[in-house]
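The lines below spell out each chain.
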Amino acid sequence: MPVRLFQYVTKAFLILLLSTLVLPLQSSAGDPRWGTASLVVVVERLAGSVLVIDSSRHELLGRISGLGNLTHATVKFSPDARYAYVLGREGQVSKIDLLTLKLVKQVNAGKLSVGGVISQDGKYVALSNYVPGEVRILDADTLESVKTIPALYKDESGNEVSSRVVGLVDAPGNLLVFSLMDANSIWVVDAGKKEFPVIRKFTDVGKLPYDALITPDGRYYLVGLLYSDWMGLLDTWKLDRVTPILAEQGKGSEVPLWKIPHLKGWALTGRLAFLPALKREIALVYSALDWTPLTPIPISGTALYTVVRPDGRQVWVDIIGKNGDLIDVIDVESMKVVKTLNPGPGATHPQFTPKGEAVYVSLMDGGKVVVYDTATFKVLKEIPADHPSGIFFTNRAHKFGM
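What you are looking at is a predicted structure, and each value in this text was computed from that prediction instead of being measured. (Residues numbered from 1 in each chain as written. Predicted model: local features only at pLDDT ≥ 70, side-chain atom pairs only at ≥ 80, totals over all residues. Heavy atoms only, no water.)

(A) Quick peek at the pairing of strand β21 (residues 242-245). Here strand β20 (residues 231-235) pairs with β21 via four bridges, running antiparallel. Across the sheet, L233 pairs through a bridge with T243, a residue of β21. Taking the residues that link successive antiparallel strands as the turn, the β20-β21 hairpin has six residues, and the phi of L239 there is positive, at about 50 degrees. (Pairing = 2+ DSSP bridges. Helix = DSSP H or I, 4+ residues; strand = E, 2+ residues; numbered from the N terminus.)

(B) Geometry of the sheet that holds strand β32 (residues 368-373). Taking strand neighbours across the sheet as the criterion, the four strands line up as β30-β31-β32-β33 in an open arrangement whose pairing is antiparallel. Here the strands that pair on one side only, and so sit at the sheet edges, are β30 (347-352) and β33 (379-384). In this sheet, adjacent strand axes meet at a mean angle of 20 degrees when their direction is disregarded. Both strand β31 (residues 358-363) and β32 contribute to a ladder of six bridges, which runs antiparallel. Pairing of S362 across the sheet is with V369, part of β32. (Axes fitted to C-alpha atoms, helices over the stretch in contact; angles between N-to-C directions.)

(C) The arrangement of the sheet that holds strand β6 (residues 92-97) in detail. Ordered by their spatial adjacency, four strands build an open sheet running β4-β5-β6-β7, and the pairing between neighbours is antiparallel. The sheet terminates laterally at β4 (74-77) and β7 (102-108), the two strands that pair on one side only. For this sheet, the mean inter-axis angle between neighbouring strands, taken without regard to orientation, is 20 degrees. Bridge analysis of β6 against β7 gives six bridges, and the strand direction is antiparallel. Bridge pairing in β7 places Q92 opposite N108.

(D) Broad picture of the side chain of T374. As for its placement among the helices and strands, T374 is situated in the loop between β32 and β33. Of the residues examined, T374 reaches a relative accessible area of 4% and is grouped as buried. A polar contact of 2.7 Å, which involves the side chain of T374, links it to the backbone oxygen of G356. Excluding anything up to four places from it in sequence, T374 contacts R309, Q314, W316, F352, G356, E357, A358 and V359. (Buried < 20%, exposed > 50% of the residue type's maximum accessible area, 1.4 Å probe, protein only. Polar contact = N/O pair within 3.5 Å; in protein donor to acceptor, adjacent residues only side chain to side chain. Contact = heavy atoms within 4.5 Å.)

Right, here's the structure in full:
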């Protein structure tokens, strides 16, 4: 065979081979028209379903039903954002393929659950359970149970009893950190070891831990204490002690200001922290460097969530009770409300697209999700939904504690 003909045949063969290899990655009429990087999952709490939306086009892709009791449900994502894990109130874990919008696996991992997290290495789904009091660890691929860590402690009579578990987060070093509500304790687990050993136990951290968060860099774990006049701060670099912070705010007859339902609704902008205040029509502001209080910001009512835009320039605040249909927008530079929006009945859970050009707001009593342009405050889209609540973007896959 002449050299040129041989080269031609060889080249043609290679082109045919490569086209065959990449063919499954090419789109066809029946294949998904989306990737996963800009998807958002919205919980329909009463219907036991979730909506999946492409936030790059604000297009509803579909609904997945049959997910059980989604009161206070949360959604976690695999590291590649291919799969969403819907964690229900009754310990039900539903694994959803975001490329096919199919429920691929569903298991029960408890009786009463209050959240969970994906381990830093992405191998495990961990649930914090009220009943039974434990942390349940599942294989992220199969959802098979691989470890149960009973939250046991000794009560005042010396009896070994079970505690409810709250505030479960993932931390650097492939750690899991959580609080024992009834034991006034914080435990740290090494999820990088097969036995999942509890490597630290901090006791007497304060009365009745009820929720927690971890700072965006993964260094500081903060726990709220329902019956103590401070919060507890654990440095995950050192793991040496739990330090009381914000203690001066709990003195006197006034109810401590951080006794709010959702610490994960705090807005941490780097140097500043914006917090809801219980029964007060202000947003609290603290220095995130030394946790000293700064001048609070008047708002339209009592805040539920304070949510920071990804660039840190705005904080969006939803209101509960009086003026519960409103959303206040705080300008971080001027430290005041610059816009008040009225999305509709039960406006809650504002969440930003990954770069913050748009924000999604659930209308729990209005039957839709409203999408706003964050530069103009104009409505970009309204998407029908059945009592929508929590909104979860897939970029959470790359954030600690989310």
